[in-house]
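# Residue-level structure breakdown
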Amino acid sequence: IANGFVSHNSYGFNEAHAVEYSIISFHCGWLKYYFPTDFFYALLKNESDKKSIFSYIEDAKKNNVIIEYPEINTSQESYIIKNNKIYAGFDSINGVATKTAQKIINNQPYQSFEDFKKKTKLSKKLLQGLIIANAFRQFNINRKKEFYILENNLQAWSYQKDFTEQDQTPFI
């Protein structure tokens, strides 16, 4: 009897795992076919490797799943599903940390780009990241114009701030 167990041991472990993997593959295929938005949402939400995320996004597009860039009044910290679309989270934007994402979310909704800047008081670098990610598209301002507004308004604001922090008056 012991020899029977030993001989079975050489392939029994692999066979059991092969069966389990085939069951998991079947379930994943079924979910991908019948619930593609939910399937890709789960993949994206649980993946941290950027290369894999890009691969999943390409596959999602092939399966007619709509994945939107982060949107300032809709997105949350991570991916969400809304109106049968997947919205990327603020954590998908380089430089946006959890604390910053929470600050953006806690001040939603925003009426304009100016309203956003006023409510969040984010750094120029973070605002530029959000602009590049097209997060302000609902305000119908193109990205070049947003960069221009940002550069002009924040330069004056930061210049004023630098002097007032030192109890000095700027030469403006």
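Structure first, text after, so check above.
In short, a report on the structure.

Reading the values: the criteria
- Residues numbered from 1 in each chain as written.
- Predicted model: local features only at pLDDT ≥ 70, side-chain atom pairs only at ≥ 80, totals over all residues.
- Heavy atoms only, no water.
- 1 Å grid on protein atoms, 1.4 Å probe; cavity = no way out; pocket = protein on both sides within 12 Å on 5 of 7 lines; lining within 4 Å.
- Points joined across faces, edges and corners; volume = space filled by probe spheres on them.
- Helix = DSSP H or I, 4+ residues; strand = E, 2+ residues; numbered from the N terminus.
- Nonpolar A, V, L, I, M, F, W, Y, C, P; charged D, E, K, R; others polar.
- Expected span 1.5 Å × (residues − 1).
- Contact = heavy atoms within 4.5 Å.
- Core = buried A, V, L, I, M, F, W, Y, C linked by side-chain atoms within 4.5 Å.
- Buried < 20%, exposed > 50% of the residue type's maximum accessible area, 1.4 Å probe, protein only.
- Axes fitted to C-alpha atoms, helices over the stretch in contact; angles between N-to-C directions.
- Parallel < 35°, antiparallel > 145°, perpendicular 65-115°, else oblique.

## Section: the layout of surface pockets
If you add up the space inside the largest pocket, you get close to 660 Å³. Breaking the lining of the largest pocket down by element, the ones donating at least two residues are helix H2 (36-45), helix H3 (50-62), strand S1 (67-68) and helix H6 (124-132). By residue number, the principal contributor to the lining of the largest pocket is H3, which donates five residues. Within the lining of the largest pocket, the residues separate by chemical class into 12 nonpolar, five polar and six charged.

## A few points about H3
In a regular helix each residue adds 1.5 Å, so 13 residues correspond to 18 Å; H3 covers 19 Å between its end C-alpha atoms and thus fits that length. Next to the buried residues of H3 lie H2 and S1. Positive phi shows up at Asn64, right after H3, with a value of about 60°.

## Regarding the nonpolar core
The biggest cluster of nonpolar side chains holds 19 residues, and the ones touching the most others in it are Ile72, Phe90, Ile104, Phe116, Leu122, Leu130 and Phe136. Looking at this core, the elements that each hand over two or more residues are helix H4 (98-106), helix H5 (113-120) and H6. Residue contributions to this core peak at four residues, all from H6. For Leu130, the residues in contact, after removing those within four places along its chain, are Ile72, Phe90, Ile93, Ile104, Phe116, Leu122, Ala135 and Phe136. Counting 11 residues, the second-largest nonpolar core is a separate cluster that includes Phe39, Phe40, Ile53 and Ala88.

## Let's talk about unusual backbone geometry
Between Gln108 and Pro109 the backbone carries a cis peptide bond, its omega angle lying at 0°. Mapped onto the fold, Pro109 is located in the loop between H4 and H5. Of note, the phi angle at Asn64 is positive, near 60°, even though the residue is not glycine. Tracing the sequence through the fold places Asn64 in the loop between H3 and S1. Residues other than glycine seldom take positive phi values, yet Asn134 does so here, at roughly 65°.

## Focus on the packing of H2 against H3
Interhelical geometry of H2 versus H3 gives an angle of 170° and a closest axis separation of 10 Å. With respect to each other, H2 and H3 are oriented roughly antiparallel. When H2 is examined against H3, the residues Phe40, Leu43 and Leu44 are found in contact with a partner set consisting of Ile53, Tyr56, Ile57, Asp59 and Ala60.

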